[in-house]
Amino acid sequence: MIGTGYVGLVSGVCFADIGNQVVCVDKDKNKIDKLNSGISPIYEPGLDELIKKNFIAKRLTFTTNIDRAISTSDIIFICVGTPTRKGSIKVDLSFVYKCTKEILKYSKRKKIIVTKSTVPVGTGDEIEKIVKKNKKLFTVVSNPEFLREGEAIRDFRFPDRIVIGSNEKKAFNIMRKLYAPLTNKGSKFFTTSRRGAELIKYASNAFLATKITFINELANLCEKSGVNIEDISLGMGSDSRIGGRFLRAGPAYGGSCFPKDTKGLVSAAEKYQINLSVVKSVIKSNQERVNLLTKRVHKILGSNLKNKKISFLGVTFKPNTDDMRDSTSLKMIPYLCKKGAKVNYYDPSGEKKEFKKIKNCNYSSDIKSNCKGADLVILLTEWDEFKSIDFKKIVKNSKFKVFDLRNLYSAEEMKKNKIKYFSIGRPNIN
Ligand SMILES: NC(=O)c1ccc[n+]([C@@H]2O[C@H](COP(=O)([O-])OP(=O)(O)OC[C@H]3O[C@@H](n4cnc5c(N)ncnc54)[C@H](O)[C@@H]3O)[C@@H](O)[C@H]2O)c1
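Residues numbered from 1 in each chain as written. Predicted model: local features only at pLDDT ≥ 70, side-chain atom pairs only at ≥ 80, totals over all residues.

1. Observations concerning the overall build of the chain
- Each helix and strand in the chain was counted, giving 17 helices and 13 strands.
- Radius of gyration (C-alpha) of the chain: 23 Å, near the 22 Å computed for a compact globule of 430 residues.
- With the C-alpha coordinates aligned to their principal axes, the bounding extent of the chain is approximately 70 × 50 × 40 Å.
- For the chain, buried positions account for 44% of its 430 residues.
- Long-range pairs, those at least 24 residues apart, make up 69% of the contacts in the chain with a sequence separation of at least 6. (Helix = DSSP H or I, 4+ residues; strand = E, 2+ residues; numbered from the N terminus. Rg over C-alpha atoms; globule rule 2.2 N^0.38 Å. Buried ≥ 20, exposed ≤ 12 C-beta atoms within 10 Å, placed from the backbone. Contact = placed C-beta atoms within 7 Å.)

Encoded structure:
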């Protein structure tokens, strides 16, 4: 596995756990040192135990030595990042091409190169061009990854589908054998062209982002028209053609995939002079959502935020991960601090380097000290430990308010307890 991040580490550990000999390689020495001393560099439930188990069983090794990792492997997975290029919507493929060149350099016998990183349609062809000097040695396959952070191990073991794209039939057989322990338990094994597999990944992420954005926009309408968005989600989602998942209104979508992949898809389509207008408006709407939420904070606390005490519960883009990439908190917290608010935050995955330099922003190590004396508690991430908080007992400020971006609490109950409560897409009954 080249790249030992969220995807490479989880997949590598899980491949080892189903009996393969796996080498995880990363250029980040700090990450590899941590792993070699038994510490996971990421927060992912269940991962620490699996790392230890497979490390002790000698099925799993961690190294910065790419030469050794490549020369000893038959199947090489590219799992490096594919971020958005600075100042553009294009995908930065430099990490993918750099490790392709390294694969070419260090391979002396036949290898299968499998792209697990999310890459625009046609990238496999480019990888093939790079290794064409020694084309006979390589088969280039696409195997996009669909795991969700926070549920990554379960997703690896019980995937909805395993997508394999190749232009060579023999590659399907090798990949089928590799994934046999999962397909034997019923996971779907779907084969297509290499370009097809690359595009399936982008299409899936863009569609899920569209569902979230759609329900978020409808939540705006519900707030104005006195309708409860949850009734809409349930009423719509019960239609099997639509499905209820990814239909829960909340903050803007974030994370390491949807924001960059929606942009990456639009940019890849532009290369073929195709205008993906739906995806474009999803991107725009999602960007505007953060402004809309900060406007609501002003509506709740007034235009002057100077010295207002605001406590965030959760700052990661979703629960059970420490990933901060494109989380709504990254825009909301600096904005509120700039307006003079005093922001405290608590997240079960720990303090964040992203907020260390922000004036008026402090980390608290538990819910209670985080919320004490707050004028407004903003519930941003749906961690389990935020689901049954006795706000009156912990906030201890007679006039505090709660802004629940995940609709975790009942507005009626809050009213009964005389707590001013605001949520997403539900009628205001304060
Ligand atoms: N994170 C997710 O939930 C998820 C889910 C599905 C797909 N993906 C895709 O998988 C890919 C990886 O995502 P991630 O979240 O794991 O990224 P990440 O940033 O967590 O990890 C990438 C790792 O690759 C390493 N790396 C980069 N260049 C290298 C090189 N030349 N040699 C060795 N190591 C190198 C980096 O040091 C880093 O540790 C991306 O394309 C992403 O879109 C991510």
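2. What about the sheet that holds strand β8 (residues 309–313)?
- The strand order across the open sheet built from six strands is β10-β9-β8-β11-β12-β13, with neighbouring strands paired in parallel fashion. Bordering the open sheet on either side are β10 (361–363) and β13 (420–422), each of which pairs with just one other strand. Between one strand axis and the next, the sheet turns by 20° as a mean value, whatever way the strands run.
- With three bridges connecting them, strand β9 (residues 342–346) and β10 associate as parallel partners. Within β10, the residue paired with Y345 across the bridge is Y363. (Pairing = 2+ DSSP bridges. Axes fitted to C-alpha atoms, helices over the stretch in contact; angles between N-to-C directions.)

3. Details of the domain arrangement of the chain
- Considered domain by domain, the chain is made up of domain 1 (6–192) and domain 2 (202–430).
- For domain 1 versus domain 2, the separation of C-alpha centres amounts to 32 Å.
- Residues belonging to the side of domain 1 that touches domain 2 are distributed by class as follows: 10 nonpolar, three polar and three charged. (Domains from an automatic or database assignment. Nonpolar A, V, L, I, M, F, W, Y, C, P; charged D, E, K, R; others polar.)

4. Considering the environment of S187
- For S187, the location among the structural elements is in the loop between α9 (180–183) and β7 (188–192).
- A sequence separation of 166 residues divides S187 from Q21, and the C-alpha atoms of the two residues are 22 Å apart.

5. A word on helix α2 (residues 29–36)
- For α2, every residue scored as buried is listed here: K31, I32 and L35. Each buried residue of α2 lies within a common arc of 95° when the element is viewed along its axis, so the set occupies one face. Facing away from the buried side of α2 by over 90 degrees, the exposed positions are K29 and N30.
- Lining the buried residues of α2 we find α3 (47–56) and β2 (60–63).
- Looking one or two residues beyond α2, the residue adopting positive phi is G38, at roughly 85°. (Arc of directions from axis to C-beta.)

6. Notes on the nonpolar core
- Counting 58 residues, the largest nonpolar core has F312, V377 and I378 as the members making the most contacts within it.
- Beyond its immediate sequence surroundings of up to four residues, F312 is in contact with S329, I333, V343, Y345, I378 and L380.
- If you look at the next biggest cluster of nonpolar residues, it comprises 51 residues, including I2, V7, A152 and I162. (Core = buried A, V, L, I, M, F, W, Y, C linked by C-beta atoms within 7 Å.)

7. Brief notes about the site of the ligand
- With respect to spatial proximity, 27 residues lie near the ligand, and among them G3, G5, V7, S117 and T118 are the closest.
- Sorting the residues of the shell around the ligand by element identifies α1 (6–17) and α5 (94–106) as the ones contributing at least two each. (Near = placed C-beta within 6 Å.)

8. Brief notes about the packing of helix α10 (residues 194–225) against helix α13 (residues 277–301)
- Where α10 contacts α13, the two axes come as close as 9 Å, and the packing angle between them is 50°. Regarding the angle of α10 to α13, the classification is oblique. Crossing geometry of α10 relative to α13 is assigned as left-handed. Note on element contacts: α13 touches α10 through V278, V279, V282, S285, N286 and R289, opposite A206, A209, T210, T213, N216 and E217.
- Within the contact of α10 with α13, the residues separate by chemical class into five nonpolar, five polar and two charged. (Parallel < 35°, antiparallel > 145°, perpendicular 65-115°, else oblique. Left-handed = near helix turned anticlockwise from the far one by under 90°.)

9. Side note on unusual backbone geometry
- At K58, a residue that is not glycine, the phi angle is positive and equals roughly 60°.
- You can see K58 is positioned in the loop between α3 and β2.
- Given 9 C-beta atoms within 10 Å, K58 falls into the exposed group.
- Although it is not a glycine, N320 sits at a positive phi angle of roughly 65°.
- Along the chain, the position of N320 falls in the loop between β8 and α14 (329–338).

10. A word on the environment of K353
- With respect to the helices and strands, K353 occurs in the loop between β9 and β10.
- By the C-beta count within 10 Å, which is 7 here, K353 ends up exposed.
- Sequence separation between K353 and F146 is 207 residues, and the spatial gap between their C-alpha atoms is 27 Å.

11. A word on the packing of α5 against helix α6 (residues 123–130)
- Two elements in contact, α5 and α6, have axes whose closest approach is 9 Å; the angle formed by their N-to-C orientations is 35°. You can see that α5 and α6 cross each other, and the crossing is right-handed. Every residue of α6 that contacts α5 at V96, Y97, T100, K101 and L104 is listed here: T123, I127 and I130.
- When the residues that make up the contact of α5 with α6 are grouped by side-chain class, the tally is five nonpolar, two polar and one charged.

12. Notes on the environment of I39
- Topologically, I39 is positioned in the loop between α2 and α3.
- With 11 C-beta atoms packed within 10 Å, I39 lands in the exposed category.
- Sequence separation between I39 and N362 is 323 residues; the distance between their C-alpha atoms is 26 Å.

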